[in-house]
Structures are given as C-alpha cells and as structure tokens.
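Now for the letters of each chain:
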Amino acid sequence: MKNAVKSAVLIASRISFGNRAGFWESKGFGKGTASAVPQKPRRDRALAPEGALLLSLALSALWGGNSALAQQSSSNEEVPIDRCDVLPVVQVRVAGQDMRFLLDTGATTILNLKAFSAGASKKIHIDSWQGSAATSAREVSLPDFQLGSHQLHDLKLPAIDLSPIGKACGGVIDGILGVDLLDRMGVTIDLQRKVAVLNLAPADSKARFDEMETAMHHCNIAFNQAKPSELEDCFDPEIVLYTQHGEFRGRKQVMQYLNEQYFKDAKDLRFEMSPHDIRSFGDALWYSYDYSMDKGSEHRAGHGVAMCRRQEGKWRILNMHNALVEPASGSKQ
C-alpha cells in the first residue's frame, strides 16, 4: 500500500491547473465545508487535458498497486481459518501486531487481558448465546484492527482473562472476534471451505472524508492561530508541498517554508477550503478543492488537489499541489 501511495503521489503531483502560482491552502479542514460527492465539474476549475490523464494514471497506480485493494473492486476476499484443536481461529492485525482470534458468532468481541493489559477497569455487559451478563472488565482502546485487507479504527473493546480457552485448545488465543465486528466487516464464515469471506463493498468516500475532516480540524485551527509546533504533526513525514516558490519535501522543509511565508509576523490568518471530487483507496484519500486565504489585508483564492493517508490511527497530509485563481489583492473581497 505504501509503495502504491508513493506512485500515485508522484504522478498526481504533476497534474497541471494552468496557472501554477500556488499558495498555502490545505492545512486544515473547516467544519461544515464538505459538499456533495461527486460535484458536477465547472469550467473554471477543469483540469487541463494532460492533467486529467495524469490524474487517471495516479488513481490507477494507487488502485492497482496493491493486490488487496484491486481485489476489492471485483470480488470478495477470503481469509483462511485455522484451528486451535476444534475451535476456528483467524489471524488479525491489531495495532501493527499479528494476533490469533477465535471466531464466535454467538458472542461479542472480547480481548484477552493477557495480551492487552493497558486500559481502565469498568463494569460492562458481555453478550453470548446464553444471554447478557454484567462483569468487571478492562476497556482497551485500539487504533487499528485489521482482518485481511479490511480495517476498523478507534475501537473500544472489553478485555478479560481468556487464558482458559487457550489452555483448553492447546494454543494462543489473543481474543474473540464476535458477531459485532463480524457484522461491521460483512464477514461470512464458511467452515466447510475453512475460510472467512469478507464482503468488500466500495468505500464510502464522503464518510471517509468526514472522518478525516473531524480528525484534522485542529490542524486548521493551528494554522489560523500560527502555531507551528501543533501544526507539524499534521504532515506525513514524506509530505510533498508544491507552491509558486518551489517544491518542498519532508516536514522540515515544509515547516521552514510556512514559518517564513505565513507565521513570521502573522496577522489575522484565515484559511477556508471547500472540497469537490473525493476518492478513497484503503487508508489513502484523494480530493480536489477550492480555497480562500486571508492574511491581514491580503486576499488570495485558488484550487488544488491533496492526498492524505492514515497510519497508526492518525490522518496526515501526504501531498498538496495548489493553483491561484485570484491573484493577491490588497483588500479583502
């Protein structure tokens, strides 16, 4: 996935908007700015023909550069089911670690306290085929939970001691994958073929954008308030920013540029952005947008494209390429 995103970024960064005079725009994402997806294109923001071709190549590179993502577009995904004695077990990936979870359609998802010791103890209800029962358990927050190529984020799950199950079947059991998460991921269990089948429906790009917009709202505030120390973590370590002043790669170069251009003697900074076409690919999100920027009495407006990706439960900006529509003016319009 990482290489596919890189390939897409390299191609997308060459997209032409005619006037390449860029301005700093997509720092943050103001609340309530998302429009319907897709929006009917307008002539004044259409890509040049070569830009449209390069964008198509970029999306193809991202879509085809990862076999799991390519599989999502055409068929379901099958995850092999192993056994712990007679119990069905699948391998999942939790916060970057491979783990073994017991499949149980008669229970809700539970973590093994031996594998997940962090968290706060509280009274919860555990559901099983025998009914619901209150018990004391530890609540654990998981940034990522992945089965096959399907990922869930920001989960809060109970953790209790499941070691008796592992001892009974003679293997390691890190948790129980129950009906709640199985249903969310669209999983069908085929014990005869020994596979868990994931129904990989097309990603809801608008919902993914709204998730990112909410998670990165603080980035917009940090930029408008000229707080570089808070803003820096909003950028992916491999960020590439294209402006009329040149190309800036990595957090260090990008932050130096922003400090010199906007945060030095900052006065009344105000950035607003309205997205248009939005495409999601796994944990990568591409979108085009219009923006306006005010700095003191200076006003600029333009449009651009950006790509963000989510890693370790955090959204960051990976690539930005912007173009001016309105040149800088001495008074706000």
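Before reading further, recall that the structure is shown in the block above.
Residues numbered from 1 in each chain as written. Predicted model: local features only at pLDDT ≥ 70, side-chain atom pairs only at ≥ 80, totals over all residues. Heavy atoms only, no water.

In this section: the overall build of the chain. Across its full length, the chain carries nine helices and 17 strands. Sorting the 333 residues of the chain into buried and exposed places 47% on the buried side. Long-range contacts, defined here as pairs at least 24 residues apart, represent 64% of the contacts in the chain between residues at least 6 apart. With an accessible surface of roughly 16,200 Å², the chain has 49% of that area assigned to carbon and sulfur atoms. (Helix = DSSP H or I, 4+ residues; strand = E, 2+ residues; numbered from the N terminus. Buried < 20%, exposed > 50% of the residue type's maximum accessible area, 1.4 Å probe, protein only. Contact = heavy atoms within 4.5 Å. Areas by Shrake-Rupley, 256 points an atom, 1.4 Å probe, with all protein chains shown as cover.)

Further remarks concern the state of the cysteines. Per the counting criterion, the structure on display carries two disulfides. Between the sulfur of cysteine 84 and that of cysteine 169 lies a disulfide, 1.8 Å long from S to S. Taking the torsion about the sulfur-sulfur bond, which here is approximately 75 degrees, the covalent link between cysteine 84 and cysteine 169 counts as right-handed. Residue cysteine 84 is found in strand β2 (residues 82-84), and its partner cysteine 169 is found in helix α4 (residues 163-169); the two are separated by 85 residues along the sequence. By relative accessible area, cysteine 169 is classed as buried at 11%. With a sulfur-sulfur separation of 2.0 Å, cysteine 219 is cross-linked through a disulfide to cysteine 234. Sign of the S-S torsion, about -95 degrees for the bond between cysteine 219 and cysteine 234, identifies this disulfide as left-handed. Of the two residues, cysteine 219 is situated in helix α7 (residues 217-224) and cysteine 234 in the loop between α8 (228-231) and β12 (235-243); the sequence distance between them amounts to 15 residues. Here cysteine 219 and cysteine 234 have matching classes, each one buried. In the chain, the bonded cysteines, taken in the order they occur along the sequence, pair up as 1-2, 3-4. The cysteine cysteine 308 is free of any disulfide, with cysteine 219 supplying the nearest cysteine sulfur at 8.8 Å. (Disulfide = S-S within 2.5 Å.)

What follows deals with the pattern of salt bridges. This structure, assessed with the given rule, holds 15 salt bridges. The shortest N-O distance in the salt bridge between aspartate 154 and arginine 310 comes to 3.0 Å. Taken together, the positions of aspartate 154 in strand β8 (residues 150-160) and arginine 310 in strand β16 (residues 298-311) put the pair 156 residues apart, joining distant regions of the chain. Aspartate 154 sits in the exposed class, given a relative accessible area of 54%. Judged by its relative accessible area of 5%, arginine 310 falls in the buried class. The closest approach of N and O atoms between arginine 309 and glutamate 238, which form a salt bridge, is 3.3 Å. (Salt bridge = Lys/Arg side-chain N within 4 Å of Asp/Glu carboxyl O.)

A positive phi angle, near 65 degrees, is found at aspartate 85, a position not held by glycine. The topology assignment puts aspartate 85 in the loop between β2 and β3 (87-94). The phi angle at alanine 95 is positive, at roughly 50 degrees, despite the residue not being glycine. Along the chain, alanine 95 falls in the loop between β3 and β4 (97-104).

Because an α-helix completes one turn every 3.6 residues, residues spaced three or four positions apart along the sequence face the same direction. Listed as buried for helix α6 (residues 205-215) are Ser205, Arg208, Phe209, Met212 and Glu213. With its buried residues spanning 140 degrees around the axis, α6 presents them on a single face. (Arc of directions from axis to C-beta.)

Moving on: the nonpolar core. Counting residues in hydrophobic clusters, the biggest one holds 33 residues, and the most contacted among them are Met212, Met216, Leu231, Phe235, Leu258, Phe263 and Tyr287. Looking at this core, the elements that each hand over two or more residues are α6, α7, β12, α9 (250-263), β14 (269-281), β15 (284-295), β16 and β17 (314-329). When residues of this core are assigned to their parent elements, the largest contribution, six residues, is made by α9. In terms of nonpolar packing, the next biggest core, distinct from the first, is built from 25 residues, Phe101, Phe145, Leu182 and Leu198 among them. (Core = buried A, V, L, I, M, F, W, Y, C linked by side-chain atoms within 4.5 Å.)

Right, let's talk about the sheet that holds strand β1 (residues 77-80) for a bit. Taking strand neighbours across the sheet as the criterion, the three strands line up as β1-β11-β10 in an open arrangement whose pairing is antiparallel. Each edge of the open sheet carries a strand with a single partner, namely β1 and β10 (187-190). Taken pair by pair, the neighbouring strands of this sheet meet at an average axis angle of 25 degrees, ignoring direction. Sheet analysis places β10 next to strand β11 (residues 195-198), joined by four bridges and oriented antiparallel. For threonine 188, the partnering residue across the bridge sits in β11 and is valine 197. (Pairing = 2+ DSSP bridges. Axes fitted to C-alpha atoms, helices over the stretch in contact; angles between N-to-C directions.)

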